[in-house]
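Descriptive analysis of the structure
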Amino acid sequence: MKNNRILPVLQILLSALCGVVLAFHRITAPSSGVALFLVGVAAAVVVALFSLAVEGMKKKAGPAPAVMNKAGFALLAAAGFLFLLAAVFSLLQQNVGQILRVVTAVFAAACGALTLMRLPLRDSGQIAAVYSLLPVFFISYYLLIFYRSNGDNPYLLQFGYEIAVLLAVLLGIYSAVAGRFEKARPRFRSVCCSLGLTFIVQELVYLARQPQAVYTVPGLSIAATVALLAYALLLCCGLFFPPVQEVFVSETGAESGDSDEDSDKEDSDGEDDTPSDEK
């Protein structure tokens, strides 16, 4: 049980370290697209392999805690307030249309409100699961808005990394939420949350070192930066506190990472057990 508390910390630290390395490599080699791609793939492979190793060690260490503790509540509350802050910054933007500002602000405010409403529910149960869906839709919406703002730009290096960041965040937050509705996939969740966190840290460090990008890249803004920080906290929650379904599978001693294979075997076994009328 103690290892289950330490391993996610190591996972987050490695993801953050890889994100920092990616950010500084992006700053020092901004014109080499192939080098950026190769370094990004290498970092993603390292993070993914370590995440898979962590899930293997978690299985040997015992079941994860099924109830969120004070640290989890703090992360969730901070994420909710950051979403609300992003809504305020969105309304203050001057370089986008009024309708887009209002829609983005309403989206961010709703994410913040629903995230905070998960706290009294201890982030468990069907209602909390439904509340956790809106950040998935929000990042999907922002991905479309960002691509629309940069779709006519022929220079992929000016916005391609941000597209990769948004895709990684979308996959990570989806994996953290999907376990509440589907069968347990702890390895998928662990890898995707770690990759999303890595690319968020990369983007935040890059924007901290190159703040002019917030104003020169269409679609980027202070509101988007604050929202990314909120997503980073949600991904940390996804690593520290897996969905209850995964905890249940761990406690019963089942191989939750092979759930897809198990379901296929059950279907095939059902067909084999069907009695033959010819006999």
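Owing to the predicted nature of the structure, the values given are computational and were not obtained by experimental measurement. (Residues numbered from 1 in each chain as written. Predicted model: local features only at pLDDT ≥ 70, side-chain atom pairs only at ≥ 80, totals over all residues. Heavy atoms only, no water.)

Topic: unusual backbone geometry
Most peptide bonds take the trans form, and the phi angle of most residues other than glycine is negative. Non-glycine residue R122 carries a positive phi angle of around 60°. Inspection of the secondary structure puts R122 in the loop between α4 (98-117) and α5 (126-131). In this structure R122 comes out as partly exposed when scored by relative accessible area, which is 44%. At D123, a residue that is not glycine, the phi angle is positive and equals roughly 55°. Looking at the secondary structure, you find D123 in the loop between α4 and α5. For D123, a relative accessible area of 12% translates into the label buried. (Helix = DSSP H or I, 4+ residues; strand = E, 2+ residues; numbered from the N terminus. Buried < 20%, exposed > 50% of the residue type's maximum accessible area, 1.4 Å probe, protein only.)

A few points about the packing of helix α6 (residues 134-150) against helix α7 (residues 160-178)
Two elements in contact, α6 and α7, have axes whose closest approach is 9 Å; the angle formed by their N-to-C orientations is 165°. Between α6 and α7, the angle is such that the two are roughly antiparallel. Along this stretch, α6 crosses α7, giving a crossing that reads as left-handed. Along its contact with α6, which presents P135, V136, I139, S140, Y142, L143, F146 and Y147, the element α7 presents E162, I163, L166, L167, V169, L170, I173, Y174 and V177. Class assignment for the residues of the contact of α6 with α7 results in 15 nonpolar, one polar and one charged. (Axes fitted to C-alpha atoms, helices over the stretch in contact; angles between N-to-C directions. Parallel < 35°, antiparallel > 145°, perpendicular 65-115°, else oblique. Left-handed = near helix turned anticlockwise from the far one by under 90°. Contact = heavy atoms within 4.5 Å. Nonpolar A, V, L, I, M, F, W, Y, C, P; charged D, E, K, R; others polar.)

Remarks on the pattern of salt bridges
Counted by the stated rule, this structure contains five salt bridges. Salt-bridge contacts for E55 lead to R189; the nearest nitrogen and oxygen are separated by 3.7 Å. Placement of E55 in helix α2 (residues 33-61) and of R189 in helix α8 (residues 186-209) is noted, with a sequence separation of 134 residues between them. Assigned by exposure class, E55 and R189 land together as buried. Here the salt bridges share partners, and the residues they tie into one network are R26, E162 and E203. (Salt bridge = Lys/Arg side-chain N within 4 Å of Asp/Glu carboxyl O.)

Brief notes about the packing of aromatic side chains
Counted by the stated rule, this structure contains eight aromatic pairs. Note on F83 and F138: the rings are 6.3 Å apart at their centroids and 65° apart in plane angle, and the pair reads as edge-to-face. Of the two residues, F83 is situated in helix α3 (residues 70-92) and F138 in helix α6; the sequence distance between them amounts to 55 residues. This pair shows no difference in class: F83 is buried, exactly as F138 is. Here the aromatic rings of Y142 and F146 are separated by 6.4 Å at their centres, their planes lie at 35°, and the arrangement is tilted. Linking Y142 with F146, this pair stays in helix α6, spanning four residues, or about one helical turn. Take Y142 and F146: they sit in the same class, and that class is buried. Connected via pairs of aromatic rings, a cluster forms that spans F83, F107, F138, Y141 and Y231. Here R26 stacks its cationic end above the ring of Y206, 3.7 Å away from the centre of that ring. (Phe/Tyr/Trp six-rings, centres within 6.5 Å; stacked < 30°, edge-to-face > 60°. Lys NZ or Arg CZ within 6 Å of the ring centre and 35° of its normal.)

Note that all results are geometric; they support no functional claim without further evidence.
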